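# Summary of the model geometry
One letter stands for each residue in the lines below.
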Amino acid sequence: TPLLFAGTMLLNSGCWLVVVGAAPGAGAVTVAYVNGDLKATYGYNYDEVVAATKKSISDLGFAQPEEQKDAISDTFHTHNGQGDSVKIVVTRSGDKSTDVDIRIGTFGDEQLSMEINDKIKSNLP
């Protein structure tokens, strides 16, 4: 079937996709890790996700972030205790939809990216 084929292609390409939740806008979270970047879409408004991201950076003990903000996105540059750079970009994608991109260092770190993503999810209402 086409769905089985698409799933096989994802597994063979070294990336993965996880969907958590029932429907967009109902607090659903879609997550993919591709080429060193974790990309998540949250069924929450932008301000809630920005607040959860800021709290997560503090909760995880990362350095005080350098923050760049405009009308549709907020970018946080920080580093962890081992000195690895951490970049988190929160982008408004709809009234109840917000994208989060996480990149660790030059090549990415799947485990740390997932830990950050999990912390953001836990800090959402």
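Predicted model, so just to flag it, every value in this text is computed and none were measured.

## Describing the overall build of the protein chain
The helix and strand inventory of the protein chain stands at three helices and seven strands. A buried classification covers 33% of the 125 residues belonging to the protein chain. Excluding contacts between residues fewer than 6 apart, the proportion of contacts in the protein chain whose partners are at least 24 apart in sequence is 43%. Accessible surface computed for the protein chain: about 7100 Å², of which carbon and sulfur atoms make up 55%.

## Comments concerning the environment of Ala-28
Looking at where Ala-28 falls in the secondary structure, it is placed in the loop between β1 (16-20) and β2 (29-34). Considered as a pair, Ala-28 and Ser-97 are 69 residues apart in the sequence and their alpha carbons are 9.2 Å apart.

## A word on unusual backbone geometry
Even without glycine at this site, Asn-35 takes up a positive phi of about 50°. Its place among the elements puts Asn-35 in the loop between β2 and β3 (37-42). Residue class for Asn-35 comes out exposed when judged on its relative accessible area of 68%.

## Section: the environment of Glu-115
With respect to the helices, strands and loops of the structure, Glu-115 is situated in helix α3 (residues 110-122). On the accessibility criterion, Glu-115 (42% relative accessible area) is partly exposed. Each C-alpha atom, one on Glu-115 and one on Ser-56, is 9.9 Å from the other, the two residues being 59 residues apart in sequence.

## Topic: the nonpolar core
The nonpolar side chains of a soluble globular protein tend to be buried, and buried together. In terms of nonpolar packing, the biggest core is built from 24 residues, with Tyr-42, Ile-88, Val-90, Val-100, Ile-102 and Ile-116 touching the most fellow members. Looking at this core, the elements that each hand over two or more residues are β2, β3, α2 (46-59), β6 (85-94), β7 (97-104) and α3. Top contributing element to this core by residue count: α2, with five residues. With near-sequence residues (within four places) excluded, Tyr-42 lies in contact with Ala-28, Val-29, Val-49, Lys-96, Ser-97, Thr-98, Val-100, Asn-117, Ile-120, Lys-121 and Leu-124.

## A few points about the pattern of salt bridges
Within the structure shown, the criterion is met by six salt bridges. The partner of Lys-39 in a salt bridge is Asp-101, and the shortest N-O contact between them spans 3.8 Å. Placement of Lys-39 in strand β3 and of Asp-101 in strand β7 is noted, with a sequence separation of 62 residues between them. What makes Asp-101 partly exposed here is its relative accessible area of 27%. Across the salt bridge formed by Glu-67 and Lys-54, the nearest N and O atoms sit 3.6 Å from each other. Of this pair, Glu-67 sits in strand β4 (residues 66-69) while Lys-54 sits in helix α2, and the two are 13 residues apart along the sequence. For Glu-67, a relative accessible area of 36% puts it in the partly exposed group.

Conventions and cut-offs
- Throughout this description, residue numbers start from 1 for each chain and increase along the sequence as written.
- Totals for whole chains, interfaces and linings use all residues, but because this is a predicted model, local features are given only for residues with pLDDT of at least 70 and pairs of side-chain atoms are given and counted only at 80 or more.
- Hydrogens and waters are ignored; side-chain quantities use all the structure's heavy atoms.
- In this text, helices come from DSSP runs of H or I with a minimum length of four residues, and strands from runs of E with a minimum of two, each type numbered from the N-terminal end.
- The rule is simple: take the accessible area with a 1.4 Å probe, protein chains only, and divide by the maximum for that residue type; under 20% is buried, over 50% is exposed, in between is partly exposed.
- By definition, residues are in contact when any of their heavy atoms lie within 4.5 Å.
- For every accessible area listed, the method is Shrake-Rupley and the probe measures 1.4 Å; residues are considered covered only by the protein chains on display.
- In this description, a nonpolar core means a group of buried Ala, Val, Leu, Ile, Met, Phe, Trp, Tyr and Cys residues linked to one another through side-chain atoms lying within 4.5 Å.
- By definition here, a salt bridge exists when the distance from a side-chain nitrogen of Lys or Arg to a carboxyl oxygen of Asp or Glu is within 4 Å.

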